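# Descriptive analysis of the structure
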Amino acid sequence: MKPSVILYKTLPDDLLARLESHFSVTQVSSLSPENLQQHADAFAKAEGILGSSETVGKEFLSHTPKLRAASTVSVGYDNFDVDALTSRGIALMHTPTVLTETVADTMMTLVLATARRAVEVAERVKAGEWTGSIGADWFGIDVHHKTLGILGMGRIGLALAQRAHFGFNMPILYNARRHHQEAEDRFNARYCDLDTLLAESDFVCISLPLTDETYHLIGAEQLAKMKSSAILINAGRGPVVDEKALIQALVDGKIHAAGLDVFEQEPLPVDSPLLSLPNVVALPHIGSATHETRYNMAACAVDNLIAALTGDVKENCVNPQVLK
Ligand code: DGY
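Residues numbered from 1 in each chain as written. Predicted model: local features only at pLDDT ≥ 70, side-chain atom pairs only at ≥ 80, totals over all residues. Heavy atoms only, no water.

- As recorded in an unreviewed UniProt entry, the chain goes by Glyoxylate/hydroxypyruvate reductase B and comes from Buttiauxella agrestis ATCC 33320.
- Regarding the chain, the UniProt comment filed under Function (unreviewed entry) reads as follows: "Catalyzes the NADPH-dependent reduction of glyoxylate and hydroxypyruvate into glycolate and glycerate, respectively."
- Regarding the chain, the relevant UniProt record gives this comment under Sequence similarities (unreviewed entry): "Belongs to the D-isomer specific 2-hydroxyacid dehydrogenase family. GhrB subfamily." (UniProt positions renumbered as here; feature names shortened; annotations may be inferred.)

What follows is the structure in structure tokens.
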């Protein structure tokens, strides 16, 4: 008999077929309490789950006594209680490599859009305000040759550094848990402490996961250390930045602008003050959201679940200790 799995995300037909060739699949729209109740038998039998953007903690695990593997269609896994999974011997699989270039493109989009005020001035064109030669009140600031500071030199940070160094001649500063030789050798990136990075960067780019260590890493104190001409970019996780403090810093002119793909609450509430600030570019968490990359992530997640449930994991496991 094929192992039972729960799918809580829509997959392209060919990937669903691949999943179904290995498993008996029950599809649900989400991991909501209603679905847990309605599909209680399927959850009770499930050896694997595959999906994204849902909380998987102790309460959820109490409904899945046979679970052996969870496969998320994302690189981030802050919505999983990894300790709880690990103590139950459940493998957590994620998709760390296939989205790197696309998320780095998103970060560069935010750098350019905020510096050149692309969204704001495009709105002014649509509003019929382009009635003559534009004046200084439409101007942006240069990106090329400015200093780019990267918080978190993982795969995405490295891909951002590559773009900034080769494409825009930007000096790179970075702060991370350890020195990154490749970044230093290939992109001339300079390791520095957080305060130095904040003080010297024209763009402070956050490419960090959400952990106890990174929660509200950037608050009022850190924002006050940035140049008043500097721009904050966050495409990691929203709660890495204290959003209230960021709004205050933007309102008070402590920093020049912010480009945000992630927020403390997603979707961003429509009454968020961020949405009425002209110097904020707010994107709906599009980091990896291209047709190609989302397909590749889903394919990777399917392969990850197959590997985990057939005892053939070679990569992409967050808690490999459960495999031993
Ligand atoms: C992830 O995979 O964690 C990213 O946030 C998706 O854009």
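## Quick word on the layout of surface pockets
- A volume near 270 Å³ is recorded for the second largest pocket.
- For the second largest pocket, the lining is made up of 16 residues, of which Leu277, Pro278, Asn279, Val280 and Val281 are closest to its centre.
- Those elements giving two or more residues to the lining of the second largest pocket turn out to be helix H6 (100-115), helix H7 (118-126) and strand E12 (280-282).
- For the lining of the second largest pocket, a count of residues per class yields 11 nonpolar, 3 polar and 2 charged. (1 Å grid on protein atoms, 1.4 Å probe; cavity = no way out; pocket = protein on both sides within 12 Å on 5 of 7 lines; lining within 4 Å. Points joined across faces, edges and corners; volume = space filled by probe spheres on them. Helix = DSSP H or I, 4+ residues; strand = E, 2+ residues; numbered from the N terminus. Nonpolar A, V, L, I, M, F, W, Y, C, P; charged D, E, K, R; others polar.)

## A few points about the nonpolar core
- Counting residues in each nonpolar core, the largest one holds 55 residues, and the members touching the most others are Leu11, Leu19, Leu50, Leu148 and Phe203.
- Broken down by element, the residue count for this core peaks at 9 residues, all from helix H13 (residues 291-309).
- Excluding residues that lie within four positions of it along the chain, Leu50 makes contacts with Ile6, Leu7, Tyr8, Lys9, Leu11, Leu19, Ser71, Val73, Ala301, Val302 and Leu305.
- Formed by 29 residues, the second largest nonpolar core is a distinct cluster that contains Leu173, Ala245, Leu260 and Leu268. (Core = buried A, V, L, I, M, F, W, Y, C linked by side-chain atoms within 4.5 Å. Buried < 20%, exposed > 50% of the residue type's maximum accessible area, 1.4 Å probe, protein only. Contact = heavy atoms within 4.5 Å.)

## Observations regarding unusual backbone geometry
- A cis amide bond links Glu266 to the next residue, Pro267, at an omega of -5 degrees.
- Relative to the elements of secondary structure, Pro267 occurs in the loop between strand E11 (257-260) and E12.
- Positive phi, normally seen in glycine, also occurs at Arg117, with a value near 55 degrees.
- By relative accessible area, Arg117 is classed as buried at 18%.
- We note that His145 has phi near 70 degrees; this positive angle belongs to a residue other than glycine.
- As for its placement among the helices and strands, His145 is situated in the loop between H7 and strand E6 (148-151).
- Relative accessible area serves as the criterion here: at 52%, His145 is assigned to the exposed category.

## Points about the side chain of Thr106
- Mapped onto the elements, Thr106 comes out in helix H6.
- Thr106 gets classed as buried once you look at its relative accessible area, which sits at 6%.
- Each residue touching Thr106, except ones within four places of it in the same chain, is listed here: Asp261, Leu283, Ile286 and Gly287.

## A closer look at the packing of H6 against helix H8 (residues 155-168)
- Relative to each other, H6 and H8 sit at 55 degrees, their axes nearing to 8 Å. On the basis of their axis angle, the class for H6 and H8 is oblique. The element H6 and its partner H8 pack so that their crossing is right-handed. Judged by residue contacts, Thr100, Glu101, Val103, Ala104, Asp105, Met107, Met108 and Leu112 of H6 engage Arg155, Ile156, Ala159, Leu160, Arg163 and Phe168 from H8.
- Split into classes, the residues belonging to the contact of H6 with H8 amount to 9 nonpolar, 1 polar and 4 charged. (Axes fitted to C-alpha atoms, helices over the stretch in contact; angles between N-to-C directions. Parallel < 35°, antiparallel > 145°, perpendicular 65-115°, else oblique. Left-handed = near helix turned anticlockwise from the far one by under 90°.)

## Looking at empty space enclosed by the protein
- By the definition in use, this model includes 1 cavity of 30 Å³ or more.
- A volume near 40 Å³ is recorded for the largest cavity.
- Forming the boundary of the largest cavity are Asn234, Gly238, Val241, Glu243, Leu246, Leu260, Val262, Phe263 and Leu274.
- Classifying every residue of the lining of the largest cavity by side-chain character gives 6 nonpolar, 2 polar and 1 charged.

## As for the side chain of Asn234
- Counting through the fold element by element, Asn234 comes out in strand E10 (residues 231-234).
- Accessibility expressed as a relative area gives 1% for Asn234, which makes it buried.
- Not counting the four nearest positions on each side in its chain, Asn234 is found in contact with Leu110, Ile206, Val241, Gly259, Leu260, Asp261 and Val262.

## A short note on the state of the cysteines
- For the coordinates displayed, the defined rule picks out 0 disulfides.
- Of all cysteine sulfurs in the structure, the one in Cys205 sits closest to Cys192, which takes part in no disulfide; the separation is 13 Å.
- A relative accessible area of 5% means that Cys192 is categorised as buried. (Disulfide = S-S within 2.5 Å.)

## Let's talk about the UniProt feature "domain: D-isomer specific 2-hydroxyacid dehydrogenase catalytic" (unreviewed entry) in the chain
- When the UniProt feature table is mapped to this numbering, "domain: D-isomer specific 2-hydroxyacid dehydrogenase catalytic" (unreviewed entry) covers residues 5-319.
- What you have in residues 5-319 is 37% helix and 14% strand, and the ends, taken at the C-alpha atoms, are 20 Å apart.

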